[in-house]
Amino acid sequence: NGRGRFNQIFSINGDTGVCQLVQASGEVPSTRYCHSAVVHNGKMIIFGGKCGGRNSNKRLADMYAFDFATGEWSIIEVSGD
């Protein structure tokens, strides 16, 4: 329905087109949308976003890293405004 929020990661095989769920561990982030993400040095870093319903104004200011080699999430401590 386009309204679900998930905190799962899927991998897609570029040769076969097969998509599969990645079994992640560690400090898995909460579900979110409108977040930023970048891949750097074998990790995907996500920051912020929103949580809650479609009209929610609750904004997140947390940061997480997903290590593709280990399948593990970790929290990145942030400070400042």
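J.: Help me understand the packing of aromatic side chains, please; the structure alone is not making it clear to me.
T.: Ring pairs (aromatic) are described by centroid distance and by the angle formed between their planes. On inspection of all chains with the given rule, the structure shows three aromatic pairs. When the ring of Phe66 is compared with that of Phe68, the centres are 5.4 Å apart and the planes differ by 85 degrees; the resulting orientation is edge-to-face. Phe66 sits in the buried class, given a relative accessible area of 2%. By relative accessible area, Phe68 is classed as partly exposed at 44%. Plain terms: the ring middles of Phe66 and Trp73 are 5.2 Å apart, the flat faces sit at 55 degrees to each other, and that makes the pair tilted.

J.: So what exactly am I meant to see when it comes to the sheet that holds strand 3 (residues 25-26) here?
T.: Sheets are built from strands that pair by backbone hydrogen bonding, the pairs being arranged parallel or antiparallel. The strand order across the open sheet built from five strands is 3-7-6-5-4, with neighbouring strands paired in mixed fashion. Of all the strands in the sheet, just strand 3 and strand 4 (36-40) have a single pairing partner and so form its edges. One ladder, built from seven bridges, connects strand 5 (residues 43-50) with strand 6 (residues 59-67); its direction is antiparallel. Opposite Ile46, over in strand 6, you have Tyr64 as the bridge partner.

Thresholds applied
Throughout this document, residue positions are counted from 1 along each chain, in the order its sequence is written. Thresholds applied to this predicted model are a pLDDT of at least 70 for local features of residues and 80 or more for the giving and counting of side-chain atom pairs; totals over whole chains, interfaces and linings are not thresholded and use all residues. Computation of side-chain values: all heavy atoms of the structure, hydrogens and water removed. Two rings from Phe, Tyr or Trp (for Trp, the six-membered ring) form a pair when their centres are within 6.5 Å of each other. A pair whose planes differ by under 30 degrees is stacked, one over 60 is edge-to-face, and the rest are tilted. For the exposure calls, accessible area comes from a 1.4 Å probe over protein chains only, and a residue counts as buried if that area is under 20% of its type's maximum, exposed if over 50%, partly exposed in between. Strands are treated as partners if at least two bridges between them are detected by DSSP. Runs of E in the DSSP output that reach at least two residues are strands. Runs of H or I that reach at least four are helices, and both are numbered from the N terminus.

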